[in-house]
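Residue-level listing of the chains:
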Amino acid sequence: MASSGEEARSGSPGRAGTGTELGADAAQLDTAEDFEVLEEEEEEEDEDDLSELPPLEDVGRPAREDAQPPERGAGDAAGDPQEWLDVLGNGLLKKKTLVPGQGVDSRPQKGQDVTIRLKATLEDGTVVEENPALTFTLGDCDVLQALDLCVQLLEMGETALVVSEAKYCYGAQGRSPDIPPNASLTLEVELLAARDAPDLELLSGKEKIQLANRKRERGNFFYQQADYVLAINSYDIALRIVGSSSKVDFSPDEEAELLDVKVKCLNNLAASQLKLDHFKAALKSCNLVLEHQPGNIKALFRKGKVLAQQGEYREAIPILKAALKLEPSNKTIHAELSKLVKKHADQRNVETEMYRKMLGNPSTSSTPRKCKDKLPWSIPWKWLFGATAIALGGVALSVVIAARN
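The shown structure was predicted, so the numbers you read here are calculated from the model rather than taken from an experiment. (Residues numbered from 1 in each chain as written. Predicted model: local features only at pLDDT ≥ 70, side-chain atom pairs only at ≥ 80, totals over all residues. Heavy atoms only, no water.)

### So, the packing of aromatic side chains
Quick note on the threshold: Working definition: rings of Phe, Tyr and Trp (its six-membered ring) pair if their centres are within 6.5 Å, and the pair is stacked with planes under 30 degrees apart, edge-to-face with planes over 60 apart, and tilted otherwise. Only DSSP runs of H or I covering at least 4 residues are called helices, and only runs of E covering at least 2 are called strands; the numbering of each starts at the N terminus. Residue burial is assigned from relative accessible area. The probe radius is 1.4 Å, only protein chains are included, and a residue is buried under 20% of its type maximum, exposed over 50%, and partly exposed in between.
Tallied over the entire structure, the rule returns 3 aromatic pairs. Here Y170 and F221 contribute two aromatic rings whose centre-to-centre distance is 6.4 Å and whose plane-to-plane angle is 80°, an arrangement assigned as edge-to-face. Separated by 51 residues along the polypeptide, Y170 in the loop between β5 (159–164) and β6 (185–196) and F221 in helix α4 (residues 205–224) bring together distant segments of the chain. This pair shows no difference in class: Y170 is buried, exactly as F221 is. With a centroid separation of 5.3 Å and an interplanar angle of 65°, the aromatic rings of Y223 and Y228 are classed as edge-to-face. Of the residues examined, Y228 reaches a relative accessible area of 10% and is grouped as buried.

### Observations concerning the sheet that holds strand β3 (residues 112–121)
So the rule is basically this: Here, strands pair whenever DSSP counts at least two bridges between them. Between the N-to-C directions of two axes lies an angle of 0 to 180 degrees, each axis being a line fitted to C-alpha atoms and, for a helix, fitted only over the stretch in contact.
Pairing is antiparallel across the open sheet formed by 6 strands, whose spatial order is β1-β2-β5-β6-β3-β4. Sheet topology places β1 (84–86) and β4 (127–137) at the edges, where each strand pairs with a single neighbour. Strand after strand, the sheet turns through a mean of 25° between neighbouring axes, direction not considered. Pairing between β3 and β6: 10 bridges, direction antiparallel. Directly across from T115, in β6, lies its bridge partner A193.

### Brief notes about the pattern of salt bridges
Selection rule: Salt bridges are counted wherever a side-chain nitrogen of Lys or Arg sits within 4 Å of a carboxyl oxygen of Asp or Glu.
Under the definition given, this model contains 10 salt bridges. The residue E158 makes a salt bridge to K95 at a minimum N-O spacing of 3.0 Å. Of this pair, E158 sits in the loop between α3 (145–151) and β5 while K95 sits in strand β2 (residues 93–99), and the two are 63 residues apart along the sequence. In terms of burial, E158 and K95 fall into one category: buried. When the shortest N-O distance is used, the salt bridge between R175 and D178 registers 2.4 Å. Owing to a relative accessible area of 3%, R175 belongs among the buried residues under this scheme. The exposure class assigned to D178 is partly exposed, which follows from its relative accessible area of 26%.

### What to know about the pairing of β4
Looking at chain direction, β3 and β4 are connected through 8 bridges and run antiparallel. Paired with I116 across the bridge in β4 is L134.

### Details of the packing of helix α7 (residues 279–292) against helix α8 (residues 297–309)
Definition in use: If an angle is under 35 degrees, it is roughly parallel; if it is over 145, roughly antiparallel; if it lies from 65 to 115, roughly perpendicular; otherwise it is oblique. Definitions for this section: a left-handed crossing has its near helix turned counterclockwise from the far helix by less than a right angle. A right-handed crossing has that turn clockwise. When checking whether two residues touch, look at their non-hydrogen atoms; a contact exists if any pair is within 4.5 Å. In this count, Pro and Cys sit with the nonpolar residues alongside Ala, Val, Leu, Ile, Met, Phe, Trp and Tyr, while Asp, Glu, Lys and Arg are called charged and the others, Gly among them, polar.
Interhelical geometry of α7 versus α8 gives an angle of 155° and a closest axis separation of 9 Å. The orientation of α7 with respect to α8, classified from their angle, is roughly antiparallel. Regarding α7 and α8, the two cross each other, and that crossing is left-handed. In this structure, α7 contributes F279, A282, L283, C286, N287, V289 and L290 to the contact, and α8 contributes A299, L300, R302, K303, V306, L307 and Q309. A breakdown of the residues in the contact of α7 with α8 according to their chemical character gives 10 nonpolar, 2 polar and 2 charged.

### Quick notes on the nonpolar core
In plain terms, the rule: For this analysis, a nonpolar core means a set of buried residues of the types Ala, Val, Leu, Ile, Met, Phe, Trp, Tyr and Cys, connected via side-chain atoms within 4.5 Å.
The biggest cluster of nonpolar side chains holds 75 residues, and the ones touching the most others in it are I116, F136, L147, V151, L185, L187 and V189. When residues in this core are grouped by element, the largest group, 10 residues, is from helix α5 (residues 228–243). Other than its neighbours up to four places away in sequence, V189 contacts I116, R117, L118, L147, V151, L154, E158, T159 and A160.

### A word on the environment of F279
By secondary structure assignment, the location of F279 is in helix α7. Given the relative accessible area of 18%, F279 is considered buried. In this structure, the C-alpha to C-alpha distance between F279 and V306, residues 27 residues apart in sequence, is 5.9 Å. The contacts of F279, once residues within four sequence positions are left out, are L274, V306, Q309 and Q310.

### Here we look at α8
One turn of the α-helix equals 3.6 residues, which is why residues spaced by three or four share an orientation. We count it as follows: Expected span of a helix: the number of residues minus one, times 1.5 Å. Contacts described as polar in this section are N or O atom pairs within 3.5 Å, which, within protein, must combine one atom able to donate a hydrogen with one able to accept it, while residues neighboring in sequence count only if both atoms come from side chains.
In a regular helix each residue adds 1.5 Å, so 13 residues correspond to 18 Å; α8 covers 18 Å between its end C-alpha atoms and thus fits that length. Most of α8 sits out of view: 12 of its 13 residues are buried. Along α8, the residues classified as buried are I297, K298, A299, L300, F301, R302, K303, G304, K305, V306, L307 and A308. Its side-chain oxygen at 3.2 Å from the backbone nitrogen of K298, N296 defines the N-terminal cap of α8. Immediately beyond the C-terminal end of α8, within one or two residues, lies G311, with a positive phi of roughly 80°.

Here's what the structure looks like:
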């Protein structure tokens, strides 16, 4: 897989997660959560969060006329290579064999590295992609879903036409500048080769870093498309690559770079899990980052947000304060911390009122103002005043009695 990275990132729908497109998507910022930045290329500076982009389309556009299965005549056989196959049964993804392959037994398996020839066109015939040898891992979501789903149905040497709605291509976001939003694509695909993926234990440090980064970048693409489930899948794959055992010795620099990739994946994994309200998993991801880098601001910030989402304001506030101490000028941390402090104060007021009711004391809201102002030590003073009056009365009575005698 390492040898195919340049191909997978250069000129195909499979390179949807490259730095160029990430930079284009980064223009659409959510100022409410601009600290939820994904970890980008190492040479690029961090950008703001794109987590609130609209979700993928649930309903595809009307199917193209040429994508409809032709009416079969009496002489048509079930195995006619010109027959359309409705891949998912929803009419949004169709495949038609143009040139038959070498038989069903020659189909590739998930987890294998496959190489295809690809030509992609828009509905008006504009060619937006041509790649004579695109290589990717089948089933890892390294490329468009349309390709990942259909290539596993190809026989070796088969050439097929795939018509896909935007849902399984570039969705509502499109791909600037050549693929507009909600664009259907027609893909001409030929399966050239399939081989087992390389043994992770035998990869060099450089190869392992490149492979893990490609999976991470693909996760970033899905995150920006608001497809957090697929983003989590890509980050998990990247983490498995980084954490796999190795029979090859790595240099200290390679070890440090692998740790950096791991931290980036964990941070982005936490961001995706938080978007899906998977709080327990997100908290675990943040803690794993902080085990390696206790001062990681993104992990501290997200951990604080996870705890806040769970109503644990008492625990969240010190964590955000620690993040703010590391980066005092960060306005997002300031805003989040202020919000949590107010929520915590409100929570304490509610708890105080609840305890008051449990103990049978009247609510402060229904207590007259003059009662509110009474202090705990006002009763002893009244007692003292009464005692003094009685004492003075006793002295006066003694004087009167003495005078009469």
